[in-house]
Amino acid sequence: MKPEPTEISVELSGGKNLKFETGKLAKQAHGSGVVRIGDNVVLATAVANPDPREGIDFFPLTVDYREYTYAGGRIPGGFIKREGRMSEKETLTSRMIDRPNRPLFPEGFRNETQLIAFVLSADSENDPDVCAMNAASAALAVSDIPYLGPVGAVRVGLINGSFVINPTYAEMKESLLNIVVVGTSDGIVMIESGAKEVKEETVVDAIDFAHTEIKKICAVINELRAKVGKPKRAVTAPEFDDSYYKDLEKKIPSTVAKATRCSAKVDFWLEIQRMAQSSSARQQAP
């Protein structure tokens, strides 16, 4: 069953709108999302194999983000120059999509999954990377792929003493802060930042300000999922053999076992440091 074409917009601080769409493009994908800001249009698709590869013991997630020259209205040059290699910006954006989403797949899900985002149209004012992060989250949310999201992403700038959500390229030249924040409705998942000389309190306030906007984005993606989302696949959590760990515990020194069992009240590294100092003292003793 293919999702019906659906559009939902969210107004962020400063009057900037993010427009979410699904069901129009990439209908054969398990989930797709289109996000628009200004004249930027980014499509993200999510696809996962029905079954995991036999014997696999890790989650094979592939994330690719591409900016093709046609998106900016430029006539493409040679193949290598045009599409052959990912740019540094594309690689960084792919990682920024991967990092906050990878932990949100349930434990035990081992099906090969591909998350592809690419710019369909680009303007000269807005950076499409934030659109790609939100589009990827929307694609996963409406798909049948098990996913514990959604996440929302915003960029925060600091211009003339005020925070600006998703500043334009021109605004970023005047900004003292360039911070990308990704999170769920409950908390922050990832922060990528750069800044000039600003106070730590200012950065903390920027993160808090960003989370307020992220909650709006997550609410819209959840609304999109409620309207056209597919039922999620069932995932069976792996069973661990406690006897293996008990046998392993018997074979390692008691001091190491004690260190690895340190409670939240005892810092692990302090315990390691204490053990190292104790060992050094014994070696220096006559």
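Note that the structure is predicted; figures quoted are calculated from it, not measured.

## Let's talk about the layout of surface pockets
Working step 1: Taken as a whole, the second largest pocket encloses approximately 160 Å³ of empty space.
Working step 2: In terms of lining residues, the second largest pocket is bounded by K89, L92, T93, M96, D127, D129, R155, N178, V180, E192, S193 and G194.
Working step 3: When residues of the lining of the second largest pocket are traced back to their parent elements, those giving at least two are helix 2 (88-101), strand 9 (177-183) and strand 10 (188-195).
Working step 4: If you tally residues by element for the lining of the second largest pocket, the top one is helix 2, at 4 residues.
Working step 5: Here the lining of the second largest pocket is composed, by residue class, of 3 nonpolar, 4 polar and 5 charged.

## Brief notes about the pattern of salt bridges
Working step 1: All chains considered together, the criterion is met by 15 salt bridges.
Working step 2: Residues R102 and D98 are paired through a salt bridge, measuring 2.7 Å at the closest nitrogen-oxygen approach.
Working step 3: Residue class for R102 comes out partly exposed when judged on its relative accessible area of 32%.
Working step 4: The exposure class assigned to D98 is buried, which follows from its relative accessible area of 15%.

## Focus on the pairing of strand 1 (residues 6-11)
Working step 1: Of the two faces of strand 1, only one is covered, namely that formed by T6, I8 and V10; the face formed by E7, S9 and E11 stays uncovered.
Working step 2: Where strand 1 lies against strand 2 (residues 17-22), 6 bridges are found, and the strand directions are antiparallel. The residue of strand 2 that forms the bridge with T6 is T22.
Working step 3: Here strand 1 folds back onto strand 2, and the loop between the two strands holds 5 residues, one of which, G14, carries a positive phi near 90°.

## With respect to the sheet that holds strand 9
Working step 1: Pairing within the open sheet is antiparallel, and its 4 strands lie in the order 8-7-9-10. This sheet does not close on itself; its edge strands, each paired only once, are strand 8 (162-165) and strand 10. The average angle at which neighbouring strand axes cross in this sheet is 20°, direction not considered.
Working step 2: Running at roughly 155° to strand 7 (residues 152-159), helix 3 (residues 129-142) makes contact with strand 7 and strand 9 of the sheet.
Working step 3: Together, strand 7, strand 8, strand 9 and strand 10 form the strand contacts of helix 5 (residues 200-228), whose direction differs from that of strand 7 by roughly 140°.

## Details of the environment of L140
Working step 1: Mapped onto the elements, L140 comes out in helix 3.
Working step 2: Considered as a pair, L140 and N101 are 39 residues apart in the sequence and their alpha carbons are 9.2 Å apart.
Working step 3: Those residues within four positions of L140 in sequence are excluded, and the remaining contacts are A46, N101, F105, L115, I145, Y147 and K232.

## Let's talk about the sheet that holds strand 4 (residues 40-48)
Working step 1: The sheet built from 6 strands is open, its strands ordered 1-2-3-4-6-5 with mixed pairing. Strands with a single pairing partner mark the edges of an open sheet, and in this sheet they are strand 1 and strand 5 (61-66). Mean inter-strand twist for the sheet, computed between neighbouring axes without regard to direction, equals 15°.
Working step 2: Strands in contact with helix 2 are strand 5 and strand 6 (113-121); relative to strand 5, the strand with the most contacts, it is inclined by about 135°.
Working step 3: The strands that helix 5 touches are strand 1 and strand 2; relative to strand 1, the one it contacts most, it runs at about 165°.

## Description of the side chain of N166
Working step 1: Here N166 is to be found in the loop between strand 8 and helix 4 (169-174).
Working step 2: In contact with N166, other than residues within four places in its own chain, are L12, K16, I37, N126, V130, V154 and R155.

## Some details on a negative patch on the surface
Working step 1: Where like charges cluster on the molecular surface, the negative patch consists of E200, E201, D205 and D208.
Working step 2: Its location among the elements puts E200 in helix 5.

## A short note on the nonpolar core
Working step 1: Among the nonpolar cores identified, the biggest contains 58 residues, and L18, F20, I97, F105, M133 and V154 are the most heavily contacted of them.
Working step 2: Examining the composition of this core, we find that 11 residues originate from one element, helix 3, more than from any other.
Working step 3: Contact partners of L18, with chain neighbours within four places excluded, come to I8, S9, V10, L12, V35, R36, I37, C131, N134 and I217.

## Here we look at empty space enclosed by the protein
Working step 1: By the definition in use, this model includes 2 cavities of 30 Å³ or more.
Working step 2: In this structure, the largest cavity spans a volume of roughly 80 Å³.
Working step 3: In this structure, the largest cavity is lined by L18, I37, N126, D127, D129, V130, C131, R155, N166 and P167.
Working step 4: In terms of residue count, the dominant contributor to the lining of the largest cavity is helix 3 (3 residues).

## Quick look at the confidence of the model for the protein
Working step 1: Averaged over all residues, the pLDDT of the protein equals 84, while 79% of them reach at least 70.
Working step 2: Here helix 1 (residues 79-84) stands out as the least confident element of the protein, with mean pLDDT 55; helix 3 is the most confident, with 96.

Calculation notes
- Residues numbered from 1 in each chain as written.
- Predicted model: local features only at pLDDT ≥ 70, side-chain atom pairs only at ≥ 80, totals over all residues.
- Heavy atoms only, no water.
- 1 Å grid on protein atoms, 1.4 Å probe; cavity = no way out; pocket = protein on both sides within 12 Å on 5 of 7 lines; lining within 4 Å.
- Points joined across faces, edges and corners; volume = space filled by probe spheres on them.
- Helix = DSSP H or I, 4+ residues; strand = E, 2+ residues; numbered from the N terminus.
- Nonpolar A, V, L, I, M, F, W, Y, C, P; charged D, E, K, R; others polar.
- Salt bridge = Lys/Arg side-chain N within 4 Å of Asp/Glu carboxyl O.
- Buried < 20%, exposed > 50% of the residue type's maximum accessible area, 1.4 Å probe, protein only.
- Pairing = 2+ DSSP bridges.
- Axes fitted to C-alpha atoms, helices over the stretch in contact; angles between N-to-C directions.
- Contact = heavy atoms within 4.5 Å.
- Patch = residues over 30% accessible without salt bridge, like charges linked within 9 Å, V, L, I, M, F, W, Y side chains within 5 Å.
- Areas by Shrake-Rupley, 256 points an atom, 1.4 Å probe, with all protein chains shown as cover.
- Lys, Arg positive; Asp, Glu negative; His and termini not counted.
- Charge placed at Lys NZ, Arg CZ, Asp CG, Glu CD.
- Core = buried A, V, L, I, M, F, W, Y, C linked by side-chain atoms within 4.5 Å.
- pLDDT = per-residue confidence, 0-100.

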